[in-house]
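Observations on the model geometry
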Amino acid sequence: CSVGSTTKLRSRHGRDYIGEKGIGFKSVFIVSSCPYIYSNGFKFSFSDRPRPGEGVLGYIVPKWEERNFDFTIMGAPAGTTTVIALPIRQNQRLMVEKALRDVHPALILFVRTLTHISCSLNFQALVSISRRFSTDAFTGLPIVEIESTNPQNSKTLRMFVYEFTFTIPPEAMAPSRIGVTERTMTIAFPFPTEEISTLLDFIDDILFAFLPTNIRTGLGFWVNCDFILTTNREGVNFDMPWNKLIREMIPEAFVFAFQAFIGLNDVDGERVAYMWKRLARCNIPDPNFAEAYEQIIEKLKLVAH
């Protein structure tokens with residue numbers, strides 16, 4: 001439970017992990033005073049209330065729990081091996097309910113192993129989000145489908161996702177990324193369907209660092225990469241050489257994604273027109289991305305020639 005001491009290693013080329021600073025789990029104390037963890041025979045809890053001889057160390061020193069719980073009563077499927085139970089603080093119930101109802105469908109778009117999230121309150125379903133991979137029958141392009149269901153309606157968004165790998169030069173290296181020589185940026189935008197116009201509220205040009213940040217790029221598509229985030233995990237400091245380099249890679253990554261999306265069989269130009277319409281509607285309020293937008297337009301002009 002030490003801050004900054006993690007067994008998750010950041011690879012040079014392969015998989016990455018969203019954990020970095022070693023303090024993320026402590027955010028559960030916002031909604032719960034005594035979280036419980038049950039996993040493969042381990043049973044322990046943390047507490048924000050001082051224990052004899054510990055002072056405030058209950059936040060970081062686990063307490064072994066002897067009692068057992070029936071996970072199925074708590075709503076967990078049979079065979080579940082890990083459960084985190086968060087008894088909700090009374091004054092946080094409304095906030096928690098609203099947060100669960102507002103879970104954004106994009107939450108699981110760029111995480112590798114999580115494919116389904118379901119949220120319920122008092123055994124009443126609030127929202128269910130799932131992700132699956134497929135191939136478009138006409139173009140052969142890889143598609144990610146995000147389905148979001150709540151008691152009122154269900155929406156499905158089909159996203160074209162393109163991965164672009166680039167080299168990290170020594171001058172852009174960051175202390176937390178020592179030894180990393182490559183990174184992969186992912187560009188995603190909705191695949192045109194008959195219902196795409198009704199789904200535009202589903203898309204708000206989010207910047208991702210595997211999980212969504214609070215940054216809206218205004219670019220008309222989603223960008224995901226290994227940005228180094230601020231402490232609250234919601235913002236990006238673009239003065240850092242590492243983050244600046246990643247931002248500078250966006251135009252090149254998009255042009256490659258654009259060419260792959262258009263492909264060789266867009267005879268009537270439908271997909272070209274669709275992408276130009278998406279770019280034309282862009283409103284870039286953030287100067288960090290205004291330059292990227294201009295570079296995208298210039299690069300696409302060169303492709304057209």
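What you are looking at is a predicted structure, and each value in this text was computed from that prediction instead of being measured.

**Considerations on the overall build of the chain**
Tallying secondary structure elements over the chain gives four helices and 12 strands in all. Here the chain, with 305 residues, has 41% of them falling under the buried criterion. On the chain, roughly 17,100 Å² of surface is accessible, and the fraction owed to carbon and sulfur atoms is 57%.

**What to know about the sheet that holds strand 4 (residues 82-85)**
Spatially, the four strands line up as an open sheet ordered 3-2-1-4, and their pairing is antiparallel. The open sheet has two edge strands with one neighbour each: strand 3 (63-64) and strand 4. Here strand 2 (residues 42-45) runs beside strand 3; their pairing, made up of two bridges, is antiparallel. The residue of strand 3 that forms the bridge with Phe44 is Trp64.

**Observations regarding the nonpolar core**
Ranked by internal contacts, the top residues of the largest apolar core, which has 46 residues, are Phe166, Met185, Ile187, Phe189, Phe221, Phe227 and Phe254. For this core, the element with the highest residue contribution is helix 2 (residues 241-262), accounting for 12 residues. Residues within four places of Phe166 in sequence aside, it is in contact with Thr181, Glu182, Arg183, Met185, Cys225, Leu245, Ile246 and Met249. If you look at the next biggest cluster of nonpolar residues, it comprises 20 residues, including Ala106, Cys119, Leu157 and Leu211.

**Overview of the side chain of Arg131**
Among the structural elements, Arg131 can be located in strand 6 (residues 124-135). Among buried Asp, Glu, Lys and Arg side chains, Arg131 stands out as unpaired, with Glu163 the closest opposite charge at 9.5 Å. Within the structure, Arg131 has its side chain in polar contact with the backbone oxygen of Val111 (distance 2.3 Å). For Arg131, the side chain forms a polar contact with the main-chain oxygen of Arg112, separated by 3.3 Å.

**Considering helix 2**
For helix 2, spanning 22 residues, the distance from its first C-alpha to its last is 33 Å, which sits close to the expected 32 Å at 1.5 Å a residue. Roughly 35 degrees is the biggest bend found in helix 2, and it falls at Ile250, with proline Pro251 one to four residues downstream. Count one or two residues on from helix 2 and you reach Gly263, which has phi positive near 65 degrees.

**Description of the pairing of strand 7 (residues 142-149)**
The sheet contact formed by strand 6 and strand 7 spans eight bridges and is antiparallel. In the sheet register, Ser128 faces strand 7, and the bridge partner there is Thr149. In this sheet, strand 8 (residues 154-167) lies alongside strand 7 in antiparallel orientation, the contact comprising seven bridges. For Glu145, the partnering residue across the bridge sits in strand 8 and is Arg158.

**Observations regarding the sheet that holds strand 10 (residues 206-209)**
Overall, mixed pairing links the eight strands, which are arranged 5-6-7-8-9-12-10-11 in an open sheet. The sheet terminates laterally at strand 5 (116-121) and strand 11 (211-216), the two strands that pair on one side only. The average angle at which neighbouring strand axes cross in this sheet is 25 degrees, direction not considered. With six bridges joining them, strand 5 and strand 6 adopt antiparallel strand pairing. Residue pairing for strand 6: His116 is matched across the bridge by Ser130. On the sheet, helix 1 (residues 93-101) packs against strand 5 and strand 6 and is oriented at approximately 25 degrees with respect to strand 6.

**What to know about the environment of Thr217**
Among the structural elements, Thr217 can be located in the loop between strand 11 and strand 12 (222-224). Taking the relative accessible area as the measure of exposure, Thr217 reaches 0% and is therefore buried. For the pair Thr217 and Asn288, spaced 71 residues apart in sequence, the C-alpha to C-alpha distance is 8.3 Å. Apart from the residues lying within four places of it in its own chain, the contact partners of Thr217 are Asp205, Leu207, Ile284 and Phe289. Polar side-chain contacts of Thr217 include one of 3.1 Å to the backbone nitrogen of Leu219.

**What about unusual backbone geometry?**
The phi torsion at Asn40 lies on the positive side, around 50 degrees, for a residue other than glycine. Residue Asn40 is classed as exposed on the basis of its relative accessible area of 58%. Phi is positive for Phe210, which is not a glycine, with a value near 75 degrees. Here Phe210 shows up in the loop between strand 10 and strand 11.

**Digging into the confidence of the model for the chain**
Per-chain confidence: the chain averages 80 in pLDDT, with 78% of residues scoring 70 or above. The low-confidence segment residues 11-15 (pLDDT under 50) makes 12 contacts with residues lying over four places distant or belonging to another chain. Note that residues 194-202 has pLDDT below 50 and, in this model, 17 contacts with residues that lie over four places away or in other chains.

**A word on the pairing of strand 11**
The pairing of strand 10 with strand 11 spans three bridges and is antiparallel. By the bridge assignment, Ala209 is partnered in strand 11 with Leu211. Counted between consecutive antiparallel strands, the loop separating strand 10 from strand 11 contains one residue, among which Phe210 sits at a positive phi close to 75 degrees.

Quick notes on the rules
- Residues numbered from 1 in each chain as written.
- Predicted model: local features only at pLDDT ≥ 70, side-chain atom pairs only at ≥ 80, totals over all residues.
- Heavy atoms only, no water.
- Helix = DSSP H or I, 4+ residues; strand = E, 2+ residues; numbered from the N terminus.
- Buried < 20%, exposed > 50% of the residue type's maximum accessible area, 1.4 Å probe, protein only.
- Areas by Shrake-Rupley, 256 points an atom, 1.4 Å probe, with all protein chains shown as cover.
- Pairing = 2+ DSSP bridges.
- Core = buried A, V, L, I, M, F, W, Y, C linked by side-chain atoms within 4.5 Å.
- Contact = heavy atoms within 4.5 Å.
- Lys, Arg positive; Asp, Glu negative; His and termini not counted.
- Salt bridge = Lys/Arg side-chain N within 4 Å of Asp/Glu carboxyl O.
- Polar contact = N/O pair within 3.5 Å; in protein donor to acceptor, adjacent residues only side chain to side chain.
- Expected span 1.5 Å × (residues − 1).
- Bend = angle between axes of the 7 residues up to and from the residue.
- Axes fitted to C-alpha atoms, helices over the stretch in contact; angles between N-to-C directions.
- pLDDT = per-residue confidence, 0-100.

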